[in-house]
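What follows is the residue order along each chain.
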Amino acid sequence: MTTAGSSWQARAVGTILRLRGGKRVLASTDDTRARVAQSALRPAPYAPPKSLEGRTALTVDLQGDWPLYDVGPVTEEASRRMVYLHGGCYLFEILPAHWRFVAQLARRTPARVTVPIYPLAPRRHASDLVPPPRASWPA
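In this text, all values refer to a predicted model and were calculated from it rather than measured experimentally.

Topic: the overall build of the chain
- Summing up its helical and strand segments, the chain has four helices and four strands in all.
- Seen in sequence order, the chain has helices and strands lined up from the N terminus as α-α-β-β-β-α-β-α.
- Within the chain, the fraction of its 139 residues that count as buried is 26%.
- Approximately 10,000 Å² of the chain is accessible, and the part contributed by carbon and sulfur atoms is 58%.

Focus on the side chain of T56
- Along the chain, the position of T56 falls in the loop between α2 (29–41) and β1 (57–63).
- Looking at T56, the relative accessible area reads 5%, which means it is buried.
- Only 3.0 Å separates the side chain of T56 from the backbone oxygen of L52, close enough to count as a polar contact.
- Contact partners of T56, with chain neighbours within four places excluded, come to V71, G72, V74, A103 and R107.

Some remarks on the environment of V71
- Following the sequence through the fold, V71 ends up in strand β2 (residues 66–72).
- You can call V71 buried: its relative accessible area is 0%.
- Remark: the alpha-carbon pair of V71 and W99, spanning 28 residues in sequence, is separated by 9.2 Å.
- When sequence neighbours within four positions are dropped, the list of residues in contact with V71 reads T56, A57, L58, W99, V102, A103, A106, A111, R112 and V113.

Some words on the nonpolar core
- Counting residues in each nonpolar core, the largest one holds 13 residues, and the members touching the most others are W99, V102, V113, V115 and I117.
- Elements represented by at least two residues in this core include exactly β2, α3 (96–108) and β4 (111–116).
- Of all the elements, α3 adds the most residues to this core, at four residues.
- What I117 contacts, discounting residues up to four positions off in sequence, is Y46, W66, P67, Y69, E93, I94 and W99.

A closer look at the sheet that holds β4
- If you walk across this open sheet you meet the four strands as β1-β2-β4-β3, and the pairing is mixed. Looking at which strands have only one partner, the edges of the open sheet turn out to be β1 and β3 (80–83). Going across the sheet, the axis of each strand differs from the next one's by a mean of 20°, ignoring polarity.
- In the sheet, β3 pairs with β4 via four bridges, with the strands oriented parallel.

Description of the pairing of β1
- Sheet topology places β1 next to β2; seven bridges connect them, and they run antiparallel. The residue of β2 that forms the bridge with A57 is G72.
- Where β1 folds back onto β2 in an antiparallel hairpin, the turn is made up of two residues, including G64, whose phi is positive at roughly 65°.

Regarding the packing of aromatic side chains
- Across all of its chains, the model carries four aromatic pairs by this definition.
- Between Y69 and W99, the aromatic rings sit 5.2 Å apart at their centres with planes inclined by 80°, giving edge-to-face as the arrangement. Taken as a pair, Y69 in strand β2 and W99 in helix α3 lie far apart in primary sequence, 30 residues in all.
- What links up through ring pairs into an aromatic cluster is the set Y46, Y69 and W99.
- Seen from the ring of F92, R35 lies directly overhead, with NZ or CZ sitting 4.6 Å from the centre.

Analysis parameters
- Residues numbered from 1 in each chain as written.
- Predicted model: local features only at pLDDT ≥ 70, side-chain atom pairs only at ≥ 80, totals over all residues.
- Heavy atoms only, no water.
- Helix = DSSP H or I, 4+ residues; strand = E, 2+ residues; numbered from the N terminus.
- Buried < 20%, exposed > 50% of the residue type's maximum accessible area, 1.4 Å probe, protein only.
- Areas by Shrake-Rupley, 256 points an atom, 1.4 Å probe, with all protein chains shown as cover.
- Polar contact = N/O pair within 3.5 Å; in protein donor to acceptor, adjacent residues only side chain to side chain.
- Contact = heavy atoms within 4.5 Å.
- Core = buried A, V, L, I, M, F, W, Y, C linked by side-chain atoms within 4.5 Å.
- Pairing = 2+ DSSP bridges.
- Axes fitted to C-alpha atoms, helices over the stretch in contact; angles between N-to-C directions.
- Phe/Tyr/Trp six-rings, centres within 6.5 Å; stacked < 30°, edge-to-face > 60°.
- Lys NZ or Arg CZ within 6 Å of the ring centre and 35° of its normal.

Shown next, in the form of structure tokens:
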């Protein structure tokens, strides 16, 4: 992978992840299965950190078994809408760092950012979460 054209911040995050071993979780099938089993035993919380309260306009709505959080600016009207799909490969829950990034996006753009908390594998399968392509979609 080339870093040409990447910001220094993106390169720094990549370096930090490598040094901390952040990608080792998925380095082998056995390591991944062990981590998924551990997450199923003790599911991680997904709620936004309390530090976002008062700094963002925060609401939650339940759509089936999916909580949908809306995060927006408190000081002005949101002029855009976004959907944020957090990292975690559909295996791991949203992290506080993701929430901080969403809050920053909402305040700086200004936008209402919808954050779906989707069910994770192995309880759900990708075919349950991602709709199949439709003939009516543009090519």
